[in-house]
Amino acid sequence: IAEYTITVNEAMADLSKLKELAITDAMSKTLNLIPSSLKIQYEGEDGVKIDLPAEQYTVSPVTEQETGGKKENVFTITLGKEALGPRKYTLTYHASVSGNEDVGLTYQNNASVTLFGQNYTVTGEVINVPRDEAAAGRSLAGAGGAQKDQFHRTFPFSYSKNPLW
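Residues numbered from 1 in each chain as written. Predicted model: local features only at pLDDT ≥ 70, side-chain atom pairs only at ≥ 80, totals over all residues. Heavy atoms only, no water.

### A short note on the overall build of the protein
Piece 1. Within the protein, the regular secondary structure consists of one helix and 14 strands.
Piece 2. For the protein, the residues scored as buried account for 43% of the 165 residues in total.
Piece 3. The long-range share in the protein, meaning contacts at least 24 apart out of those at least 6 apart in sequence, stands at 70%.
Piece 4. As presented, the protein carries roughly 8,800 Å² of accessible surface, and 49% of it is formed by carbon and sulfur atoms. (Helix = DSSP H or I, 4+ residues; strand = E, 2+ residues; numbered from the N terminus. Buried < 20%, exposed > 50% of the residue type's maximum accessible area, 1.4 Å probe, protein only. Contact = heavy atoms within 4.5 Å. Areas by Shrake-Rupley, 256 points an atom, 1.4 Å probe, with all protein chains shown as cover.)

The structure is reproduced here in structure tokens:
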């Protein structure tokens, strides 16, 4: 399982004049979104995190698209107008990781958003799990159950992968 966290509008600019805010995620074919894991929270100046009601956002179906000669699983999370304001948004979700012992597995996740006419894109690092680890299952199961790779991103962006977060 890979866990992804995307932070949008960390500066808490007032987004209420936008019609909507769409975050598009393109995952390698070895990653599969687990839709039920999606959690969206927002926080205002007081720093209190509040779950965004499901009726204030939509999630498109995952579609296969080809980008730069690579097939990817792509989906879009769209925050509706009623959800927008001077808030910071944190989106967290999981993806299952698939591969096989013959080739190991490689996965990558990229995200993009357009704010005030400026497109921001983060290209995540390519994660390679060696063939022997994929065969042993160590990439998918750890001592206490499933191991999670955690990815955190902030729009406008910085990207890092750090399992200690």
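### Here we look at the pattern of salt bridges
Piece 1. Tallied over the entire structure, the rule returns three salt bridges.
Piece 2. A salt bridge links K88 to E43; the shortest N-O distance between them is 3.8 Å. Taken together, the positions of K88 in strand β8 (residues 88–97) and E43 in strand β3 (residues 31–43) put the pair 45 residues apart, joining distant regions of the chain. The pair K88 / E43 is uniform in exposure class, with both members buried.
Piece 3. The closest approach of N and O atoms between K71 and E64, which form a salt bridge, is 3.8 Å.
Piece 4. With a relative accessible area of 48%, K71 lands in the partly exposed category. (Salt bridge = Lys/Arg side-chain N within 4 Å of Asp/Glu carboxyl O.)

### Thoughts on the nonpolar core
Piece 1. Ranked by size, the top nonpolar core spans 32 residues in total, and within it L21, L79 and Y93 carry the most contacts.
Piece 2. Of all the elements in the fold, those that place two or more residues in this core are β1 (2–8), β2 (20–28), β3, β7 (70–80), β8, β9 (105–107) and β10 (109–115).
Piece 3. Among residues more than four places away in sequence, those in contact with L21 are V8, L15, I77, T78, L79, L84, V113, T114 and L115. (Core = buried A, V, L, I, M, F, W, Y, C linked by side-chain atoms within 4.5 Å.)

### A short note on the packing of aromatic side chains
Piece 1. Evaluation of the coordinates by the stated rule reveals two aromatic pairs.
Piece 2. Ring plane angle 25° and centroid distance 5.9 Å describe the contact between Y4 and Y93, whose orientation is recorded as stacked. Linking Y4 in strand β1 with Y93 in strand β8, this pair joins segments that are 89 residues apart in sequence. Like Y93, Y4 is buried.
Piece 3. Taking 5.6 Å as the distance between ring centres and 85° as the angle between the ring planes, the aromatic pair formed by F75 and Y93 counts as edge-to-face. (Phe/Tyr/Trp six-rings, centres within 6.5 Å; stacked < 30°, edge-to-face > 60°.)

### Some thoughts on the side chain of Q56
Piece 1. Residue position: Q56 is located in the loop between β4 (49–51) and β5 (57–59).
Piece 2. Among the residues examined, Q56 registers a relative accessible area of 19% and is labelled buried.
Piece 3. Residue contacts for Q56: discarding those within four places in its chain leaves T78, L79, G80, E82 and A83.

### Quick look at unusual backbone geometry
Piece 1. The phi angle at N9 is positive, at roughly 65°, despite the residue not being glycine.
Piece 2. Judged by relative accessible area, N9 falls into the buried class, the value being 4%.
Piece 3. Of note, M12 is a non-glycine position whose phi angle comes to about 60°, a positive value.
Piece 4. If you trace the backbone, M12 turns up in the loop between β1 and β2.
Piece 5. Relative accessible area serves as the criterion here: at 22%, M12 is assigned to the partly exposed category.

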